[in-house]
Amino acid sequence: KTALPASLAGKYKGSFAYNTIKDRLPLILTKVIDTLHRHKNEFFEEHGEKGMEAEKKAIASLSKLRNELQTDKPLIPLTDNLPDTAFWNKYLEYHQNTSDEPPSWFQSPWLYTECYMYRRIHEALARNPPISDFDVFKEEKAHNFFESQQAIITLCTYLQETLKSTEKHDELLKKDFLKLLQVSLWGNKCDLSISAGADSSQKSDPLQSVEELKSFILVDHMEDVWSLLKDRKNPDSQTTRLDIVLDNAGFELVSDLVLADFLLSSKLVTEIHFHGKNMPWYVSDTTLRDFNWTIRQMQSANHKSMSKCGVSWESYVKKGAWVYHSHLFWTLPHEYSSMAQVSPDLYAELQKSNLIIFKGDLNYRKLLGDRKWNFTVPFHQALNHFHPAPLCSLRTLKCDIQVGLKPGQGEQFTKTEPEWMIIGKYGIIQFDAAS
Ligand code: F6P
Ligand code: MG
């Protein structure tokens, strides 16, 4: 058995991890603090003095957190009492026992410390009822949705048009499928963590962009995904289960739901399971509240095809064709290769799937254990025994890992465009058959 590559970490000066921890994370914390400040009056109106008191305490914890981060202090155990608290503290203990120095913000694996920051934000609120439920990122998420309005209308109109002709031959189905799959891929440009919360809504026409962006897809396994779905459809009437591990709310979520609607309506799949986060995460990640909020917004929108989508989506949820899951594993710092061990119930759930789509950059990092793999290592190998079912990653590149490239390809990019991995300009549709 060969050793796994080293984890990305803030200790590598000048790396993207280092810059994230040094600049972007403190900025995100500062914005969270500002957001709480801005809601002071609202907390007072809703909860009186107790609300004000809670806000003050939460802000104090967050300032302390920012200071710990900026001075590279050791990570400390969580002090709340939530269903995942013990997992986190056990993980910390494990790292304390296996490294020479105590785990700290810059020294420890980046994946660990960055997740830990979001979990500590959650702790700061959780410990302070009556505002424990407040989502510090909800405004940015809603803003992204509203700012993408035109793109959403375009996309929904396209969907409604395609669904009108239900009896389609495979070629036409395929064309629509590939298009909507790519819209969902590029929807991942809209995340709010890389921009530290600044507007990153979808402004251009998402369907037209598909053509323009084609050459930026570095790994393109669309054909494999299509043949998997088509092969299952042909002997009719069997069930096909698709799982989508969601990423960001806002335009990206809408693009995922449009894809899901298309797949269900055209009977390429028969049930869809969505997996979201159970606390605010990486600024824009989807929670159950975001999921429901989005469907409600669509329903009540002032545009026919948007509201039509909203109405269908609610009915899919009601009749159980769409199922939303939130499992605490998705907001743990663990890489996915340890899922079978850490959360065997979730692993078993995913094994029921015929195809799992993992959206976004963070999911890719977790699939690959956030390690410094060589560019040419096969995806299957980098998954490191995580093969619950056939899976596909749809991700725009926003951190410095990538596998499955052709020899020399990565090096060539680095030469001509040094920032190619972190600017979200390139994308991958990377498939693993699991066997
Ligand atoms: O900040 C770290 C990071 O994982 C980046 O690599 C990425 O830009 C962002 O957070 C999350 O991106 P996504 O929403 O695509 O998972
Ligand atoms: Mg995200």
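Source: prediction; values computed, not measured.

Structural notes on the coordination of the magnesium ion (ligand 2)
At 2.1 to 2.2 Å from the magnesium ion (ligand 2) lie its protein donor atoms, namely Asp247 (OD), Asn248 (OD1) and Asp285 (OD). In primary-sequence terms, the residues that donate to the magnesium ion (ligand 2) follow D-N-x36-D. Taking relative accessible area as the criterion, Asp247 reaches 5% and is therefore assigned buried. For Asn248, a relative accessible area of 1% puts it in the buried group.

Some points on the side chain of Asp135
Secondary-structure assignment places Asp135 in the loop between helix H5 (110–126) and helix H6 (138–147). Exposure remark for Asp135: the relative accessible area of 5% places this residue in the buried category. There is a polar contact of 2.8 Å between the side chain of Asp135 and the backbone nitrogen of Phe137.

Let's talk about the confidence of the model for the chain
Chain-level pLDDT for the chain is 96 on average; 99% of the residues reach the 70-or-more range. With pTM at 0.97, the complex prediction returns an ipTM value of 0.97.

Describing the site of ligand 1
Residues in close proximity to ligand 1 total 16 residues, the closest being Glu114, Asp361, Leu362, Arg365 and Lys398. Taking Asn188, its side chain carries an N or O atom lying 2.9 Å from an oxygen atom of ligand 1. Within the side chain of Asp361, one N or O atom sits 2.6 Å away from an oxygen atom of ligand 1. Relative to its free-state accessible area of 390 Å², ligand 1 is covered by the protein chains to the extent of 100%. According to the grid-proximity analysis, the pocket containing ligand 1 is the largest cavity. Within the residue set of the shell around ligand 1, elements represented by two or more residues are H5 and helix H16 (361–367). The biggest single contributor to the shell around ligand 1 is H16, with three residues. Classifying every residue of the shell around ligand 1 by side-chain character gives five nonpolar, four polar and seven charged.

Let's talk about unusual backbone geometry
That bond from Pro129 to Pro130 is cis: its omega, 10°, falls within 30 degrees of zero. By secondary structure assignment, the location of Pro130 is in the loop between H5 and H6. Positioned with a positive phi, Tyr282 is a non-glycine residue whose angle comes to about 45°. Looking at the secondary structure, you find Tyr282 in the loop between strand S3 (271–276) and helix H12 (288–299). Judged by relative accessible area, which is 5%, Tyr282 ranks as buried. Phi is positive for Ala434, close to 80°, though the residue is something other than glycine. Topologically, Ala434 is positioned in the segment after strand S7 (427–432). By relative accessible area, Ala434 is classed as partly exposed at 21%.

Some thoughts on the packing of helix H1 (residues 16–38) against H5
Their axes nearest at 11 Å, the elements H1 and H5 cross at an angle of 10°. Of the possible angle classes, the one that applies to H1 and H5 is roughly parallel. Side by side, H1 and H5 meet where Phe16, Ala17, Thr20, Ile21, Leu25, Ile28, Leu29, Val32 and Leu36 of the first sit next to Trp110, Thr113, Glu114, Met117, Tyr118, Ile121 and Leu125 of the second.

A word on the nonpolar core
One finds Met117 and Ile121 to be the most contacted residues of the largest nonpolar core, which totals 82 residues. Filtering out sequence-adjacent residues up to four positions away, Met117 remains in contact with Leu25, Ile28, Leu29, Leu65, Leu69 and Trp105. Counting residues in hydrophobic clusters, the runner-up holds 60 residues, among them Ile272, Met306, Ile357 and Phe431.

What to know about the layout of surface pockets
By volume, the largest pocket is sized at about 770 Å³. Those elements giving two or more residues to the lining of the largest pocket turn out to be helix H4 (85–98), H5 and helix H14 (339–342). Within the lining of the largest pocket, the residues separate by chemical class into 12 nonpolar, nine polar and four charged.

A closer look at the environment of Asp231
Position of Asp231 among the secondary structure elements: in helix H10 (residues 222–233). The partly exposed category is assigned to Asp231, whose relative accessible area is 49%.

As for the packing of helix H2 (residues 40–47) against helix H3 (residues 49–70)
Between H2 and H3, the shortest axis-to-axis distance is 6 Å and the interhelical angle comes to 140°. Overall, the two elements H2 and H3 adopt an arrangement that is oblique. Of H3, the residues touching H2 (which contributes Lys40, Phe43, Phe44 and His47) are Glu49, Lys50, Gly51, Met52 and Glu55. Considered class by class, the residues forming the contact of H2 with H3 number three nonpolar, two polar and four charged.

How each quantity is defined
- Residues numbered from 1 in each chain as written.
- Chains lettered and ligands numbered in written order.
- Predicted model: local features only at pLDDT ≥ 70, side-chain atom pairs only at ≥ 80, totals over all residues.
- Heavy atoms only, no water.
- Donors = N, O, S within 2.8 Å, 3.2 Å for Na, K, Ca; no water.
- Buried < 20%, exposed > 50% of the residue type's maximum accessible area, 1.4 Å probe, protein only.
- Helix = DSSP H or I, 4+ residues; strand = E, 2+ residues; numbered from the N terminus.
- Polar contact = N/O pair within 3.5 Å; in protein donor to acceptor, adjacent residues only side chain to side chain.
- pLDDT = per-residue confidence, 0-100.
- Near = heavy atom within 4 Å.
- Areas by Shrake-Rupley, 256 points an atom, 1.4 Å probe, with all protein chains shown as cover.
- 1 Å grid on protein atoms, 1.4 Å probe; cavity = no way out; pocket = protein on both sides within 12 Å on 5 of 7 lines; lining within 4 Å.
- Sits in = over half its atoms within 2 Å of the grid points.
- Nonpolar A, V, L, I, M, F, W, Y, C, P; charged D, E, K, R; others polar.
- Axes fitted to C-alpha atoms, helices over the stretch in contact; angles between N-to-C directions.
- Parallel < 35°, antiparallel > 145°, perpendicular 65-115°, else oblique.
- Contact = heavy atoms within 4.5 Å.
- Core = buried A, V, L, I, M, F, W, Y, C linked by side-chain atoms within 4.5 Å.
- Points joined across faces, edges and corners; volume = space filled by probe spheres on them.

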